[in-house]
There are 2 protein chains.
Amino acid sequence: MNTPDRAHIAERLQQLQAAICTALENTDGAARFSVENWNREEGGGGITRILQHGKIIEKGGVNFSAVHGHLPENIQRALKVNTSEFFATGVSIVQHPVNPNVPIIHMNVRYFELSSGEWWFGGGIDLTPHYVDENDAKWFHQQLKEVCDRFDSSWYAKFKTWADDYFYITHREETRGIGGIFFDRLTGTEQDKARFFEFLLAVGETFAPVYTHFMRQHADEPYGENEKNWQLLRRGRYVEFNLVYDKGTRFGLDTGGRIESILMSLPEKAGWFYDFKPTPKSREELTISWLRKGVQWA
Amino acid sequence: MNTPDRAHIAERLQQLQAAICTALENTDGAARFSVENWNREEGGGGITRILQHGKIIEKGGVNFSAVHGHLPENIQRALKVNTSEFFATGVSIVQHPVNPNVPIIHMNVRYFELSSGEWWFGGGIDLTPHYVDENDAKWFHQQLKEVCDRFDSSWYAKFKTWADDYFYITHREETRGIGGIFFDRLTGTEQDKARFFEFLLAVGETFAPVYTHFMRQHADEPYGENEKNWQLLRRGRYVEFNLVYDKGTRFGLDTGGRIESILMSLPEKAGWFYDFKPTPKSREELTISWLRKGVQWA
């Protein structure tokens, strides 16, 4: 296995982006992803691909970027590094479906390199069902566990806990959804680099079969105004997490990335109904009861 | 003029809250503000007053709080103080109207005291029209200028510039709305304290006549789906400012305030339409052209 260099990593991630868009389009059956190439003034660029008003997906983004340049001092401090030049490439995905019975999903896979020679991989997949279905949650985590187990039997437990801690809305004291896996700063020898990259690609390749499964399974289920309002409220929480806590969003806003690409993660519509209290024993109340750390799904 | 102590300041601010709610209810004519008293575990409490689904106001909050206790270290750093006990009281208002021709408004007046003996006043009023009307903007700033001029002829220019800088969405390179006034850390001698408090109350008393004027003037103007979508988009920007930049929101989330009270500033519904571009020479495009610093309205 050759050690992958940054050009190779970027190329493979760009291929991943294309493959995922094709899979989502085929399952949605109605809308297509737009293609926008953009350049970053200070170095590099990306391809933003957005699908709007599909049959199943209301608003979804699958973004690729490979950027380089000067690392702002506040980011250097946040990353605890002391080098001013960086290279970063990755694929970021968020899908907001039309039907509240289809979950919101997020995936990110990324590679980061500094002029000092330091490098690392990071990423994760997490699921945010508007309504938690226990079988779906178990199945989802089982898929992620199998990918992790192919590389290291200790990783799923570690990365699952990491996701619980990362995708947490502290001020609400609730997790964003049912979690998934999250990892960062995977680094080591040159041999590790090839292995970590294989893992990163394996995570990336898990996305399409997992999410198209949920699309096919739930897109035709009935729902009414009550479910749409609950979806707006859950999306509001999603907005809170992304704008208040998400490091990727912050990094993008602070490094002057392309704003519309960074904020494609926000839903077309979201809501904040003052002091909403779910009906006792409703599906909404059940969902909230699952929004906590430490649930062992797999 | 006696020097006001913290109990007196809190009492007067609570009266201000009640008077503003009455004025808004009378003008709205349909809905009433709820009254919720809450206590903060670590000291103090407040009164949250929310009006939902009025004839003119879709969702509005007028909150009073008087809290005290231990100041978390991250807040101490942010405030550049070295004292661990604080007292804070204030009134915070955000009104989101039904009709996109009525502007969103925000006001905050507050008093802050530390166990070291340090104290200061802060606050401001700013207007966020979904559609900027030049005459309205001039009139609004003129009202604020007159209040400031009664105390110090240099204040309006200073506090107007401060508002331009504060209510700024850096990542969008646009101001939140047409600004207003913003001030913080007003402190000095005991004699100054009485004068600053009079100013704070004068700002607070400006709110009701100014906003009810806009309610009466615009609430019956026609609008369609295009205007409602634009309103959702402008509200999305409002959400971005409040969650990413607003220090009051951050202070509340970090000190473990009452979440639903802090986030009452968020609209009932907001939207993010990917890469929206206004039609050339439309009211939407004209509005964006005014969302910049340094416009001399008064």
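Going by the structure above, here's the rest.
Just so it is clear, the model here is predicted, and its values are computed rather than measured.

**Here's the deal with the packing of helix α3 (residues 134-149) of chain B against helix α4 (residues 155-166) of chain B**
All names here are of chain B. Look at α3 against α4: their axes get within 8 Å of each other, and the N-to-C directions meet at 130 degrees. With respect to their mutual orientation, α3 and α4 come out oblique. Seen from α3, the contacting residues are His 141, Leu 144, Lys 145, Cys 148 and Asp 149; seen from α4, they are Trp 155, Tyr 156, Phe 159 and Lys 160. Split into classes, the residues belonging to the contact of α3 with α4 amount to 5 nonpolar, 1 polar and 3 charged.

**Observations regarding the packing of aromatic side chains**
For the structure shown, the criterion picks out 60 aromatic pairs over all chains. Between A:Tyr166 and A:Phe167 the ring centres are 4.9 Å apart and the planes differ by 90 degrees, which places this aromatic pair in the edge-to-face class. On the accessibility criterion, A:Phe167 (2% relative accessible area) is buried. Note on B:Phe121 and B:Phe197: the rings are 6.0 Å apart at their centroids and 20 degrees apart in plane angle, and the pair reads as stacked. Taken together, the residues span a long stretch of sequence, with B:Phe121 in strand β7 (residues 119-128) and B:Phe197 in helix α5 (residues 190-218) at a distance of 76 residues. Judged on exposure class, the residue B:Phe121 and its partner B:Phe197 are both buried. The structure contains a cluster of three or more aromatic residues connected by ring pairs, namely A:Phe151, A:Trp155, A:Phe159, A:Trp162, A:Tyr166, A:Phe167, A:Phe182, A:Phe183, A:Phe196, A:Phe199, A:Phe241 and A:Tyr245. Sitting above the plane of the B:Tyr168 ring, B:Lys293 keeps its charged end 4.2 Å from the centroid.

**Let's talk about unusual backbone geometry**
Phi angles above zero are rare outside glycine, and A:His53 is one such case at about 60 degrees. By the secondary structure assignment, A:His53 is in the loop between β2 (44-52) and β3 (57-70).

**A few points about the side chain of A:Asn99**
Residues and elements named next belong to chain A. Following the sequence through the fold, Asn 99 ends up in the loop between β4 (85-97) and β5 (104-114). Engagement of the side chain of Asn 99 in a polar contact is seen with the backbone oxygen of Ala 219, the distance being 3.2 Å. Excluding its chain neighbours within four sequence positions, the residues that come into contact with Asn 99 are Ile 56, His 130, His 218, Ala 219, Asp 220, Glu 221, Tyr 223 and Gln 231.

**Some remarks on the relation of the copies chain A and chain B**
Superposition of chain A onto chain B requires a rotation of 180 degrees combined with a translation of 0.0 Å along the rotation axis, giving an RMSD of 0.0 Å. Between the two chains, the operation in question is that of a two-fold axis. Take the interface residues of chain A: 100% of them recur as interface residues in chain B, which is what a same-surface contact looks like.

**Details of the pattern of salt bridges**
Enumeration according to the criterion identifies 34 salt bridges over all chains in this entry. Across the pair A:Arg258 and A:Glu36 runs a salt bridge, and its minimum N-O distance is 3.1 Å. Highlighted residues: A:Arg258 in the loop between α7 (247-254) and α8 (259-262) and A:Glu36 in strand β1 (residues 36-39), separated in sequence by 222 residues. By relative accessible area, A:Arg258 is classed as partly exposed at 21%. On the basis of relative accessibility, which here comes to 22%, the residue A:Glu36 falls in the partly exposed class. A salt bridge links B:Asp126 to B:Arg176, with the nearest nitrogen and oxygen atoms 2.8 Å apart. Taken together, the residues span a long stretch of sequence, with B:Asp126 in strand β7 and B:Arg176 in the loop between β9 (174-175) and β10 (179-186) at a distance of 50 residues. The exposure class of B:Asp126 is buried, given its relative accessible area of 0%. In this structure B:Arg176 comes out as buried when scored by relative accessible area, which is 4%.

**Let's talk about the sheet that holds β1(A)**
Pairing between the strands of a sheet comes from backbone hydrogen bonds, and it takes one of two forms, parallel or antiparallel. Residue and element names in this part refer to chain A. What the 7 strands build is an open sheet, ordered β1-β2-β3-β4-β5-β6-β9; its pairing is antiparallel. For this open sheet the edge positions go to β1 and β9 (179-186), each flanked by a neighbour on one side alone. Direction aside, the axes of adjacent strands within the sheet are offset by 10 degrees on average. Relative to β4, β3 is paired through 13 bridges, and the arrangement is antiparallel. By the bridge assignment, Val 67 is partnered in β4 with Ala 88.

**Some thoughts on the pairing of strand β2 (residues 44-48) of chain B**
A regular strand places its side chains on the two faces of the sheet in alternate fashion. Residue and element names in this part refer to chain B. For β2, the tally of buried residues reaches 4 of 5 residues, placing the bulk of the element in the interior. Pairing of strand β1 (residues 36-39) with β2, which is carried by 4 bridges, proceeds in the antiparallel orientation. Looking at β2, one finds that Asn 39 is bridged to Gly 45. Where β2 meets strand β4 (residues 57-70), 4 bridges bridge the pair, whose relative direction is antiparallel. Note on β4: the bridge partner recorded for Gly 44 is Val 67.

**Some points on the interface of chain A and chain B**
Across the boundary between the two partners, chain A contributes 30 residues, which contact 30 residues of chain B. Each partner contributes to the roughly 2800 Å² buried at the junction of chain A and chain B, and carbon and sulfur atoms together form 59% of this total. It is A:Glu260, A:Trp272 and A:Tyr274 in chain A that bury the most area against chain B; as a group they hold 30% of the surface buried on that side. Linking chain A with chain B are 4 salt bridges. Residue A:Glu260 pairs with B:Arg172 through a salt bridge whose shortest N-O separation is 2.8 Å. Taken together, chain A and chain B are joined by 15 residue pairs in polar contact (both at pLDDT 80 or more). For the side of chain A that touches chain B, the secondary-structure elements that each account for two or more residues are β2, α6 (225-244), α7, α8 and β10 (269-271) of chain A. Ranked by residue count, the leading element in the side of chain A that touches chain B is α6(A), at 7 residues.

Rules behind the numbers
- Residues numbered from 1 in each chain as written.
- Chains lettered and ligands numbered in written order.
- Predicted model: local features only at pLDDT ≥ 70, side-chain atom pairs only at ≥ 80, totals over all residues.
- Heavy atoms only, no water.
- Axes fitted to C-alpha atoms, helices over the stretch in contact; angles between N-to-C directions.
- Helix = DSSP H or I, 4+ residues; strand = E, 2+ residues; numbered from the N terminus.
- Parallel < 35°, antiparallel > 145°, perpendicular 65-115°, else oblique.
- Contact = heavy atoms within 4.5 Å.
- Nonpolar A, V, L, I, M, F, W, Y, C, P; charged D, E, K, R; others polar.
- Phe/Tyr/Trp six-rings, centres within 6.5 Å; stacked < 30°, edge-to-face > 60°.
- Buried < 20%, exposed > 50% of the residue type's maximum accessible area, 1.4 Å probe, protein only.
- Lys NZ or Arg CZ within 6 Å of the ring centre and 35° of its normal.
- Polar contact = N/O pair within 3.5 Å; in protein donor to acceptor, adjacent residues only side chain to side chain.
- Least-squares fit on C-alpha atoms with pLDDT ≥ 70 in both.
- Salt bridge = Lys/Arg side-chain N within 4 Å of Asp/Glu carboxyl O.
- Pairing = 2+ DSSP bridges.
- Buried area = accessible area lost by both parts, 1.4 Å probe.

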